[in-house]
Amino acid sequence: MTDTHGREFLENEFLQLKKQGIIDETKVQSTMGITDGTCHRCLNSQPADFGTFCYKNNHTVYCRKCLDFGMVSDKTKLYRIASTRQIPPEAGVLNADFQLSTLQQRASDFSQNILKAKKTGLIWAVCGAGKTEMMFEPIAAALTTGKRVCWAIPRSDVVIDLTPRIKEAFPNAKVVTLHGNSDEKACYGDIVVTTVHQMIRFYEAFDVLIIDEVDAFPYTFDAMLTRIAKRACKPDAATIYLSATPSKSDQAKIKKGTLPACIIPARYHLFPLDVPKYKWCANFYKQVAKNKLPPAAKGWLSRKIKEKRRALLFVPTIDCGLKFQQALKAQLNLTVDFVYSSDPDRTKKVAQYKQGEPQFLITTMILERGVTIPNIDVAIFAAEHDIYEESALVQISGRVGRNPKWPTGDIIFFHHGITKAMEDAKTQIIRMNQAARQQGLLKELPS
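A brief look at the structure comes next. It should be emphasised that the depicted structure is a prediction, and the values quoted were computed from it without experimental measurement.

Right, let's talk about the packing of aromatic side chains for a bit. Counted under the stated rule, the structure contains eleven aromatic pairs. When the centroid spacing of 4.9 Å and the interplanar angle of 0° are considered together, the rings of Phe381 and Phe414 count as stacked. Here Phe381, found in the loop between β19 (376–380) and α12 (390–397), pairs with Phe414, found in strand β20 (residues 411–415); they are 33 residues apart in sequence, far enough to count as distant. Each member of the pair Phe381 and Phe414 is classed as buried. One aromatic cluster is present, formed by Phe284, Trp300, Phe324, Phe381 and Phe414 through successive ring pairs. The ring of Tyr278 has Lys426 lying over it, and the distance from NZ or CZ to the ring centre is 4.5 Å.

Okay, the sheet that holds strand β2 (residues 28–32) next. One open sheet accounts for three strands, arranged β1-β7-β2; its pairing is antiparallel. At either margin of the open sheet sits one strand with a lone partner, and together these are β1 (8–10) and β2. Taken pair by pair, the neighbouring strands of this sheet meet at an average axis angle of 25°, ignoring direction. Both β2 and strand β7 (residues 77–81) contribute to a ladder of five bridges, which runs antiparallel. Bridge pairing in β7 links Gln29 to Arg80. In this fold helix α1 (residues 11–19) packs onto β1, β2 and β7, with an angle of close to 100° to the strand it touches most, β1.

Counting buried positions over the five residues of β19 gives five, a clear majority of the element. Here β19 shows no split at all, with Ile376, Val378 and Ile380 on one side and Asp377 and Ala379 on the other all buried. Taken together, the five bridges between strand β16 (residues 310–314) and β19 define a ladder with parallel strand orientation. Along β19, the bridge assignment pairs Phe314 with Ile380. Across three bridges, β19 lies against β20 in parallel orientation. Pairing of Val378 across the sheet is with Ile411, part of β20. Each parallel crossover has a hand, and for β19 linked through α12 to β20 it is right-handed.

What follows deals with the packing of helix α2 (residues 102–117) against helix α4 (residues 136–144). Two elements in contact, α2 and α4, have axes separated by 8 Å at closest approach and are oriented at 30°. Put simply, α2 runs roughly parallel to α4. Here α2 runs over α4; the crossing is right-handed. Taken together, the residues of α4 that come into contact with α2 (itself represented by Gln105, Ser108, Ser111, Gln112 and Leu115) are Glu137, Pro138 and Ala141. The residue inventory of the contact of α2 with α4, partitioned by class, reads three nonpolar, four polar and one charged.

Between Glu357 and the following residue, Pro358, the backbone shows a cis peptide bond with an omega angle of -5°. Locating Pro358 in the fold gives a position in the loop between α11 (346–354) and β18 (360–363). Phi at Asp36 is positive, roughly 50°, even though this residue is not glycine. Tracing the backbone through its elements, the reader meets Asp36 in the loop between β3 (34–35) and β4 (38–39).

Parameters and conventions
Residues numbered from 1 in each chain as written. Predicted model: local features only at pLDDT ≥ 70, side-chain atom pairs only at ≥ 80, totals over all residues. Heavy atoms only, no water. Phe/Tyr/Trp six-rings, centres within 6.5 Å; stacked < 30°, edge-to-face > 60°. Helix = DSSP H or I, 4+ residues; strand = E, 2+ residues; numbered from the N terminus. Buried < 20%, exposed > 50% of the residue type's maximum accessible area, 1.4 Å probe, protein only. Lys NZ or Arg CZ within 6 Å of the ring centre and 35° of its normal. Pairing = 2+ DSSP bridges. Axes fitted to C-alpha atoms, helices over the stretch in contact; angles between N-to-C directions. Contact = heavy atoms within 4.5 Å. Right-handed = clockwise from strand over helix to strand, strands pointing away. Parallel < 35°, antiparallel > 145°, perpendicular 65-115°, else oblique. Left-handed = near helix turned anticlockwise from the far one by under 90°. Nonpolar A, V, L, I, M, F, W, Y, C, P; charged D, E, K, R; others polar.

Here's what the structure looks like:
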């Protein structure tokens with residue numbers, strides 16, 4: 001049955017649900033889709049993002065910005081239904097089969113204080129700090145007191161990966177997953193794990209909002225996503241941002257004291273972050289386009305083959321990845337899978353790699369974050385490419401050394417000129433290690 005609690009519907013959707021007897025009209029509020037140059041679904045007010053058409057002498061204005069989710073116009077209404085469903089206290093029972101570290105507990109306590117105060121705060125925690133587990137106690141506290149929780153993430157891969165962990169932690173709660181290909185879009189959830197885009201379906205539905213990877217594309221590149229996230233929550237909702245690489249503007253707010261923050265400079269296993277190494281590798285794309293491998297890349301890969309070390313191989317573009325795949329076959333007789341955003345087999349390939357095969361996997365930025373694979377090395381090819389911003393380089397570096405059994409690994413930037421982003425990423429990692437050492441947090445690496 002279609003869930004209507006805290007939902008917003010287009011006029012045609014509403015009339016269909018009304019016909020089916022699903023709608024309780026006493027809980028419905030309506031508003032015109034567009035008035036005074038503002039779309040009341042995505043809150044777009046940029047003139048360039050509106051279109052017009054004329055049908056039977058009827059001049060209609062519609063919003064282009066949120067058109068992918070159905071048309072909103074100045075001739076049709078939006079229907080909003082209040083969120084009145086009660087969350088049973090047992091939904092907050094936490095299946096805690098783990099022990100939080102001291103640092104994780106610090107972040108958990110910070111989050112619970114933010115929730116009690118109904119404020120906004122940010123947890124700045126290094127890659128591999130265990131951010132997911134930090135949120136379990138705050139979620140439990142929220143559910144126990146009848147508060148509905150939304151955990152929003154920019155990327156669908158991470159949504160899919162995170163949901164089973166949340167379901168395991170909260171076996172009595174209704175947990176639903178929303179993304180482009182989800183079959184649960186009409187379902188109710190005490191906890192809703194969703195891409196930020198899918199929050200457009202809600203209006204004042206949530207008491208607690210967790211935005212994971214708040215620095216990630218597309219959230220930081222599309223102001224609409226910020227607007228619809230805020231709109232999906234109640235006016236007094238608490239918000240927790242999670243990031244290993246907060247934006248420069250958020251870092252400035254933290255410095256000024258206008259954004260409460262909890263900084264976690266060490267991983268949960270308390271071994272230092274691996275610091276990237278630079279390796280000159282000129283004209284990488286031109287070389288692989290000729291079915292060749294630059295000597296620096298060929299030497300590094302040959303050593304990994306000899307050492308039987310597994311590695312993720314990052315490339316800046318799909319075309320570069322395809323050429324690299326062919327060059328590896330020609331030069332090293334290696335058949336290597338390649339995953340990218342439009343790859344129909346990407347989920348299968350990543351799952352196989354997580355299970356231990358093959359030795360190497362070529363990838364674009366889709367595996368930049370949200371993926372934990374023990375005991376691997378990482379190489380970034382053409383690291384000088386514009387796509388590799390500071391945050392991306394820090395996140396990719398963070399794929400190494402995440403497991404306490406294998407707390408270190410090789411992270412190398414193959415480049416044709418060191419960029420500011422490369423320098424800033426390396427500096428950020430070094431500074432986090434220094435902060436952790438100054439606080440007496442780090443262990444010595446095993447010999």
